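Each chain is listed here by its residues.
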Amino acid sequence: MKIVFATGNPHKLQEINEISNGSAVEFVLPNEGFNPEENGSTFEENSLIKAQEAFRVSTGMMCLADDSGLCVEALNGAPGLHSARYAGTQQEKIDKILSELAPHTNRKAKFICVMTLLDTDGEVLHVSKGECQGEIAKSQSGKNGFGYDPVFIVEGTNLTMADMSEDVKNKISHRAKALSDMLSFIETLK
C-alpha cells in the first residue's frame, strides 16, 4: 500500500520508511506543488493543513502528515510550533536554545509529534500523537539525527538523540511512537 507522506524533506521520508520497515506500507513524496502554509495554532492543526495540501496535489491517494516540535518547559513550551523556524540554520537553532536556557536549572523538554491520516476522499481517518520526554543538554553531542537531536537527552539515558543509532532512535522517538499507533490503525483497514 502506497501512502503519500506530506513532506518535501527526503530525509524525513527516509526516516518514516525506516521506522515502518516490515509493514505493508510504503510512503512516497507528494506530487509537485506541495507547499503548505503552516499557520495553525496547534500541532494537530498544522498536521491537518499539511495532510490536506498533500491530498490537494496528490488527489486520490491516502495522505499522512505529521507536525512535530521541541517543547522546553522553562521556555513556556518554546520553540514548540516554531521549532523549524526558531532561528536560521540548525546550528543557530541549537545555539539559541542553549543560550536561552543558560540561566535556568529546569531543562525538562519533550518532542511532540502529531500525525493525521486522510482517506482517498480527503477525509480524516485517524490522528495519532507521540511524545519523547527528556531534557536539554548543556552542550551538544553526537553525530546522528538532525534538528535538535544533538542537545536532547532522552529520559532514562545519558545520551542525546544524536548519540543514538538510527535503529535505537527509530524505536523511541516521538515520530516512531506516533507512527506505530498510525500503522496499527492502517493494519485494521485491510
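All values reported here derive from a predicted model rather than from experimental measurement.

**Student:** With reference to specific residues and values, describe helix 2 (residues 43-57).
**Tutor:** In this model, helix 2 (15 residues) spans 22 Å end to end at C-alpha, consistent with the 21 Å of a helix rising 1.5 Å per residue. Of all the positions in helix 2, only F43, N46, S47, K50, A51, E53, A54, F55 and V57 are classed as buried. Contact partners of the buried residues in helix 2: strand 1 (2-5), helix 1 (10-19), strand 3 (63-72) and strand 4 (108-118).

**Student:** Run through the packing of aromatic side chains, naming residues and quoting values.
**Tutor:** Under the definition given, this model contains two aromatic pairs. Judged by centre distance (6.1 Å) and plane angle (70°), the rings of F5 and F27 are edge-to-face. Here F5 is found in strand 1, whereas its partner F27 is found in strand 2 (residues 26-28), with 22 residues between them in sequence. For the pair shown, F5 and F27 are each scored as buried. Ring geometry for F111 and F152: centres 4.5 Å apart, planes at 50°, overall tilted. Within this pair, whereas F111 is found in strand 4, its partner F152 is found in strand 6 (residues 152-154), the two being separated by 41 residues in sequence. Relative accessible area serves as the criterion here: at 5%, F111 is assigned to the buried category.

**Student:** Could you give me a rundown of the environment of S41, with the residues and numbers involved?
**Tutor:** Relative to the helices and strands, S41 is located in the loop between strand 2 and helix 2. Residue S41 is classed as exposed on the basis of its relative accessible area of 53%. Once the C-alpha coordinates of S41 and L125 are considered, the two residues, 84 residues apart in sequence, prove to be 21 Å apart.

**Student:** How would you sum up the packing of helix 1 against helix 5 (residues 174-187)? Please name residues and give values.
**Tutor:** The description of two helices packed together rests on the angle between their axes and the distance between the axes. Viewed as axis vectors pointing N to C, helix 1 and helix 5 meet at an angle of 55°, and their least axial separation amounts to 10 Å. For the element pair helix 1 / helix 5, the angle class is oblique. Judged by the twist between their axes, the crossing of helix 1 over helix 5 is right-handed. Only R175, A176 and L179 of helix 5 make contact with helix 1, whose side of the interface consists of K12, E15, I16 and I19. Its residues placed into classes, the contact of helix 1 with helix 5 shows four nonpolar, no polar and three charged.

**Student:** Help me get a handle on the sheet that holds strand 6, residues and values and all.
**Tutor:** Here we have six strands laid out as an open sheet, ordered 2-1-3-4-5-6, and mixed in their pairing. Every interior strand has two partners, whereas the edge strands, strand 2 and strand 6, have only one. Each strand axis lies, on average, 40° off the axis of its neighbour in the sheet, ignoring direction. Direction of pairing for strand 1 relative to strand 3: parallel, over a ladder of two bridges. Bridge pairing in strand 3 places V4 opposite C63. Of the strands in this sheet, strand 1, strand 3, strand 4 and strand 5 (124-136) are in contact with helix 2, which crosses strand 3 at around 150°. Packing against the sheet, helix 5 makes contact with strand 1, strand 2, strand 3, strand 4 and strand 5, and its axis sits at approximately 155° to strand 5.

Parameters at a glance
- Residues numbered from 1 in each chain as written.
- Predicted model: local features only at pLDDT ≥ 70, side-chain atom pairs only at ≥ 80, totals over all residues.
- Heavy atoms only, no water.
- Helix = DSSP H or I, 4+ residues; strand = E, 2+ residues; numbered from the N terminus.
- Expected span 1.5 Å × (residues − 1).
- Buried < 20%, exposed > 50% of the residue type's maximum accessible area, 1.4 Å probe, protein only.
- Contact = heavy atoms within 4.5 Å.
- Phe/Tyr/Trp six-rings, centres within 6.5 Å; stacked < 30°, edge-to-face > 60°.
- Axes fitted to C-alpha atoms, helices over the stretch in contact; angles between N-to-C directions.
- Parallel < 35°, antiparallel > 145°, perpendicular 65-115°, else oblique.
- Left-handed = near helix turned anticlockwise from the far one by under 90°.
- Nonpolar A, V, L, I, M, F, W, Y, C, P; charged D, E, K, R; others polar.
- Pairing = 2+ DSSP bridges.

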